[in-house]
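Now for the letters of each chain:
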Amino acid sequence: MFAKPIPGRTTAAAEGEVVVFLIGMRINHFRAPRHWMPVFTGMLRMLRELSGIKGSGLMGYQLLSGSPRTYYVVQYWESKEKLLEYAAAPDRLHHKAWAMINRFERGTRMHVGIWHETYVVQPGSYESIYGDMPLYGLAAATGVLPVEQRGVTARERLARGAEADG
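Bear in mind that the values here come from a model prediction, so they are computed numbers and not experimental data. (Residues numbered from 1 in each chain as written. Predicted model: local features only at pLDDT ≥ 70, side-chain atom pairs only at ≥ 80, totals over all residues. Heavy atoms only, no water.)

Caption draft 1: Molecular detail of the environment of Y76. Turning to its location among the elements, Y76 is positioned in strand β4 (residues 70-77). A sequence separation of 76 residues divides Y76 from V152, and the C-alpha atoms of the two residues are 24 Å apart. Setting aside its immediate chain neighbours within four residues, Y76 contacts V18, V19, V20, G57, L58, M59, G60, G137, L138 and A141. (Helix = DSSP H or I, 4+ residues; strand = E, 2+ residues; numbered from the N terminus. Contact = heavy atoms within 4.5 Å.)

Have a look at this one:
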């Protein structure tokens, strides 16, 4: 089932700082699923866990594929503190998954690559526009507003965010 587009032009209802976390994997050897499949399924399990924890800080995510070899997740977080709290929690799946990856890494060199990037984006340093789109990206994480509420142009939306912070 496909999500219905929201008519017209909208913008994300995000307020204040936004934390964008990108995490992914690259399958280097398709014929070694025992090395890359645990990484792939581990990410799905962590997303399911985070989605079930009230107050986890994860506002939303998008699963994406960059190629038949590369899979990644764009995550939107309330704060870097919430992201780091989840990453370090000994009773959560990330802690166990990271320990597993460190153990497997010795024997799986070059079978699967993993990466992540974290961006803490200050108000006035991001803006968005969606035209006749269903909820997607930052808007799926924070909701939408009519674009006119934030400014018709990207310049206006970026200036508004900077003013709200200062």
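There is more to say after this.
Caption draft 2: Spotlight on the sheet that holds strand β2 (residues 18-27). Spatial ordering of the open sheet is given by β3-β4-β2-β5, a layout of 4 strands whose pairing is antiparallel. Edge positions in the sheet fall to β3 (58-65) and β5 (112-121), since each of these pairs with one other strand and no more. Averaged over all pairs of adjacent strands, the angle between strand axes in this sheet comes to 15°, irrespective of strand direction. The pairing of β2 with β4 spans 8 bridges and is classified as antiparallel. Opposite V20, over in β4, you have Y76 as the bridge partner. (Pairing = 2+ DSSP bridges. Axes fitted to C-alpha atoms, helices over the stretch in contact; angles between N-to-C directions.)

Caption draft 3: Region of interest: the pattern of salt bridges. For the structure shown, the criterion picks out 2 salt bridges. Between E15 and R150 there is a salt bridge, and its shortest N-O distance comes to 2.6 Å. With E15 in the loop between β1 (9-12) and β2 and R150 in the loop between β7 (144-146) and α5 (154-165), this pair connects stretches of sequence that are 135 residues apart. When the shortest N-O distance is used, the salt bridge between R157 and E127 registers 2.7 Å. With R157 in helix α5 and E127 in the loop between β5 and β6 (130-131), this pair connects stretches of sequence that are 30 residues apart. The partly exposed category is assigned to E127, whose relative accessible area is 31%. (Salt bridge = Lys/Arg side-chain N within 4 Å of Asp/Glu carboxyl O. Buried < 20%, exposed > 50% of the residue type's maximum accessible area, 1.4 Å probe, protein only.)

Caption draft 4: Just a nonpolar patch on the surface, in detail. The grouping of L44, Y61 and L63 at the surface amounts to a nonpolar patch, some 240 Å² of accessible area in total. Here Y61 is to be found in strand β3. (Patch = residues over 30% accessible without salt bridge, like charges linked within 9 Å, V, L, I, M, F, W, Y side chains within 5 Å. Areas by Shrake-Rupley, 256 points an atom, 1.4 Å probe, with all protein chains shown as cover.)

Caption draft 5: Quick look at the pairing of β1. Examined bridge by bridge, β1 and β6 share 2 bridges and lie antiparallel to one another. Paired with T10 across the bridge in β6 is Y130. Looking at chain direction, β1 and β7 are connected through 3 bridges and run antiparallel. Considered in β7, the bridge of T10 is made with P146.

Caption draft 6: Highlighting unusual backbone geometry. At D132, a residue that is not glycine, the phi angle is positive and equals roughly 50°. Locating D132 in the fold gives a position in the loop between β6 and α4 (137-142).

Caption draft 7: A look at the packing of aromatic side chains. With the rule as written, the count across this model stands at 3 aromatic pairs. Consider the rings of F40 and Y71, whose centres lie 5.5 Å apart with planes at 75°: the pair is edge-to-face. On the criterion of sequence distance, the pair formed by F40 in helix α1 (residues 33-52) and Y71 in strand β4 is long-range, its members being 31 residues apart. When the ring of Y72 is compared with that of W115, the centres are 6.0 Å apart and the planes differ by 45°; the resulting orientation is tilted. Highlighted residues: Y72 in strand β4 and W115 in strand β5, separated in sequence by 43 residues. Judged by relative accessible area, which is 30%, W115 ranks as partly exposed. (Phe/Tyr/Trp six-rings, centres within 6.5 Å; stacked < 30°, edge-to-face > 60°.)

Caption draft 8: Up close: the side chain of E49. Of note, E49 is situated in helix α1. Dropping the residues within four chain positions of it, E49 is found in contact with Y86, R92 and L93.

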